[in-house]
Amino acid sequence: MAERGLVVSAPGKVILHGEHAVVHGKAALAVALGLRTFLCLRPGGEGRLRVRLPGVGVLRSWERPGLSALREQLGADFDESKPPSAEVLEALKEFAGIPAEASGPDSLAILAFLYMCLAISAKYGDVPSVDIVVWSELPTGAGLGSSAAYAVCLAAALLHACGAISCPLKDGEITARWTEEEMTLINSWAFQGERVIHGNPSGVDNAVGTWGGALRYQSGKIKALKRVPTLRILLTNTKVPRSTKVLVAGVKEKILKFPAIMNPVLDSIDAISQECQSVLEAMPANPSPEHYPVLEELFDINQHHLNVIGVGHPSLDRLCRVTASHGLHSKLTGAGGGGCGITLLRPDTTPQAVEAAKRDLCACGFECWETDIGAPGVTLHSSSSLKAQVLHELSES
Ligand SMILES: Nc1ncnc2c1ncn2[C@@H]1O[C@H](COP(=O)(O)OP(=O)(O)OP(=O)(O)O)[C@@H](O)[C@H]1O
Ligand SMILES: C[C@@](O)(CCO)CC(=O)[O-]
Ligand SMILES: [Mg+2]
């Protein structure tokens, strides 16, 4: 581990099409957002692991020998290809003093951290004494992949601290990325963190957090999109809290209850993702308005489908109605049930029209912002390049 520690970051994501269907083996199209989660890891003292997670109100530390003893006692097989076992998660809850039924943001964040420490150290050697601080530009639990960005940062930092991946940052460089092989390892451990938080994730969110850009994801297969035009997207957070884990479980229940009704809907969502990919890859880099009607219609159809599978919410209906009154098309993004929606802005949508839509959305109590998509994936930063931000976060700890 570098003497002065390290700072890593990972982006959140927006799913254009395929949320939920992707959990059931269908394709999803996802893009990395220009909003990121950051993690600063420094050598710590006194044989302890210390974490500060201001986003979820956590400041905790544990003695390393206690965690090592638990690992020995459990003697579990911590391979990144195997889902975390219920027995190990129960034992970790007890170790951290988390009640068995707890599922709040703080408990899940602690559990993901401890599981990754335990499993990564079982495979690659002990995680040294460290102080970790995580902060984020992403809203937590709003559909923008905050859990995956957190898990990707943890995976990169812990693998680096154990010496399982290199330090790609050369003297004088501001940022660096890991090799393909190392990113594959980061992605597979981040998936384990997502499994702790989500229960049964597809892996699309951690794939975008790791690789960045724009990609098609299906059953663990990641394919960067050939060409993605510059898309203008308005993001709106309804601020209605929801849990991805609960929503994913609800969809599964509906499919089991009505397979003949729900499976065709998932097939149709899959076809929407295929169609959208073909349209995007055929569009020029700076598309003109005539390319948009199909993309808009696909948004509308998918939003209906997502309501059918039970992940809509009155706040999202409202968001769609408000933007429709400005001639704009929206759908939920991520797990739904509240959280965020995305609105497609056309190249000829005027700044005045965007402002008017934003005003009406804010009047509903929503928060909205235009954002970049296609951001880089997991990145190692020189701490000097982020000095002001890092110093601010560290001064709070
Ligand atoms: N900055 C953070 N620090 C610590 N934990 C975080 C942070 N961001 C997210 N988490 C963890 O992730 C959980 C939120 O995950 P959840 O999957 O429900 O929402 P999301 O990832 O924002 O949305 P989606 O999965 O729909 O894209 C939080 O409850 C918390 O446990
Ligand atoms: C709802 C879902 O499809 C996307 C959450 O961002 C869940 C997943 O893919 O793991
Ligand atoms: Mg999530």
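Residues numbered from 1 in each chain as written. Chains lettered and ligands numbered in written order. Predicted model: local features only at pLDDT ≥ 70, side-chain atom pairs only at ≥ 80, totals over all residues. Heavy atoms only, no water.

### Comments concerning the overall build of the chain
Helix and strand content of the chain: twelve helices and 13 strands. Compactness check: the chain gives a C-alpha radius of gyration of 21 Å against a globular reference of 21 Å for 397 residues, within 12% of the reference. The C-alpha extent of the chain, read off along each of the three principal axes, is 60 × 55 × 40 Å. Evaluated residue by residue, the chain yields a buried proportion of 55% over its 397 residues. A separation threshold of at least 6 residues defines the contact pool for the chain, and within that pool the share at least 24 residues apart is 77%. Entry remark: accessible area of the chain is about 16,100 Å², with carbon and sulfur atoms responsible for 53%. (Helix = DSSP H or I, 4+ residues; strand = E, 2+ residues; numbered from the N terminus. Rg over C-alpha atoms; globule rule 2.2 N^0.38 Å. Buried < 20%, exposed > 50% of the residue type's maximum accessible area, 1.4 Å probe, protein only. Contact = heavy atoms within 4.5 Å. Areas by Shrake-Rupley, 256 points an atom, 1.4 Å probe, with all protein chains shown as cover.)

### Considerations on the coordination of the magnesium ion (ligand 3)
For a metal with four tetrahedral donors the ideal donor-metal-donor angle is 109.5 degrees, whereas six octahedral donors ideally subtend 90 or 180 degrees. The protein atoms that coordinate the magnesium ion (ligand 3) are Ser147 (OG) and His198 (NE2), at distances of 2.1 to 2.3 Å. One end of the pair, serine 147, is in helix H4 (residues 146–161); the other, histidine 198, is in helix H5 (residues 180–198), and 51 residues separate them in sequence. With respect to class, serine 147 is no different from histidine 198; both count as buried. (Donors = N, O, S within 2.8 Å, 3.2 Å for Na, K, Ca; no water.)

### Focus on the side chain of aspartate 270
Mapped onto the fold, aspartate 270 is located in helix H8 (residues 259–282). Of the side chains with opposite charge, arginine 216 comes closest to the buried, unpaired aspartate 270, at an N-O distance of 5.3 Å. (Lys, Arg positive; Asp, Glu negative; His and termini not counted. Salt bridge = Lys/Arg side-chain N within 4 Å of Asp/Glu carboxyl O.)

### A look at the pairing of strand S1 (residues 6–17)
The element S1 is largely enclosed, with a buried count of twelve among its twelve residues. For S1 and strand S2 (residues 28–43), the ladder comprises ten bridges, and the chain directions are antiparallel. Paired with valine 8 across the bridge in S2 is leucine 39. Examined bridge by bridge, S1 and strand S13 (residues 379–381) share three bridges and lie antiparallel to one another. Within S13, the residue paired with valine 8 across the bridge is leucine 380. (Pairing = 2+ DSSP bridges.)

### Looking at the site of ligand 2
In the region of ligand 2, 14 residues are neighbours, and Lys13, His20, Pro201, Ser202 and Asp205 sit closest. Separating an oxygen atom of ligand 2 from a side-chain N or O atom of lysine 13 is a distance of 2.6 Å. A distance of 2.8 Å is found between an oxygen atom of ligand 2 and a backbone nitrogen or oxygen belonging to histidine 20. If ligand 2 stood free it would expose 300 Å²; the protein chains cover 99% of that surface. Of all the secondary-structure elements, those providing two or more residues to the shell around ligand 2 are S1 and helix H6 (204–211). (Near = heavy atom within 4 Å. Polar contact = N/O pair within 3.5 Å; in protein donor to acceptor, adjacent residues only side chain to side chain.)

### Considering the site of ligand 1
The immediate surroundings of ligand 1 are formed by 22 residues, with Lys13, Gly145, Ser146, His198 and Arg242 found nearest. Measuring from an oxygen atom of ligand 1, one finds a backbone N or O atom of alanine 109 at 3.4 Å. Side-chain polar atom of arginine 242 to an oxygen atom of ligand 1: 2.5 Å apart, as the coordinates give it. If ligand 1 stood free it would expose 630 Å²; the protein chains cover 96% of that surface.

### So, the domain arrangement of the chain
Think of interface size as the accessible area that goes away when the parts come together; that is how it is often given. In terms of domains, the chain is made up of domain 1 (6–221 + 375–396) and domain 2 (227–371). On a C-alpha basis, the centres of domain 1 and domain 2 stand 27 Å from each other. The partner domain 2 presents 39 residues to the 30 residues of domain 1 that form the contact. Buried surface at the junction of domain 1 and domain 2, summed over both partners, amounts to about 2,600 Å²; 65% is from carbon and sulfur atoms. Contact with domain 2 buries surface across domain 1, with Leu16, His17 and His20 losing the most and accounting together for 25% of the total. Summed over the shared surface of domain 1 and domain 2, the number is two salt bridges. Its salt-bridge partner being aspartate 267, residue lysine 26 comes within 2.8 Å of it at the nearest N-O pair. Run the count over domain 1 and domain 2 and you get 14 residue pairs in polar contact (both at pLDDT 80 or more). When contributions to the side of domain 1 that touches domain 2 are tallied by element, the ones reaching two or more residues are S1, S2, H5 and strand S7 (214–218). (Domains from an automatic or database assignment. Buried area = accessible area lost by both parts, 1.4 Å probe.)

### Considering the packing of H4 against H5
For the pair H4 and H5, interaxial distance at closest approach is 8 Å and the crossing angle is 130°. By the angle between their directions, the pair H4 and H5 is classed as oblique. Between H4 and H5 the crossing geometry is right-handed. On H5, the residues touching Ser147, Ala148, Tyr150, Ala151, Val152, Ala155, Ala156 and Leu159 of H4 are Leu185, Ile186, Trp189, Ala190, Gly193, Glu194, Ile197 and His198. (Axes fitted to C-alpha atoms, helices over the stretch in contact; angles between N-to-C directions. Parallel < 35°, antiparallel > 145°, perpendicular 65-115°, else oblique. Left-handed = near helix turned anticlockwise from the far one by under 90°.)

### Thoughts on the state of the cysteines
Within this structure, the stated rule accounts for zero disulfides. Left unpaired, cysteine 117 is separated from the closest cysteine sulfur, that of cysteine 162, by 8.1 Å. Cysteine 368 supplies the cysteine sulfur nearest to cysteine 340, a cysteine that is in no disulfide, at a spacing of 10 Å. Taking relative accessible area as the criterion, cysteine 340 reaches 0% and is therefore assigned buried. (Disulfide = S-S within 2.5 Å.)

### What to know about the pattern of salt bridges
By the definition in use, this model includes 15 salt bridges. Linking aspartate 131 and arginine 50 is a salt bridge whose minimum nitrogen-to-oxygen distance equals 3.7 Å. Of this pair, aspartate 131 sits in strand S5 (residues 130–136) while arginine 50 is found in strand S3 (residues 48–53), placing the two residues 81 residues apart along the sequence. Put simply, Arg71, Glu72 and Asp126 are held in one network by salt bridges that share partners.

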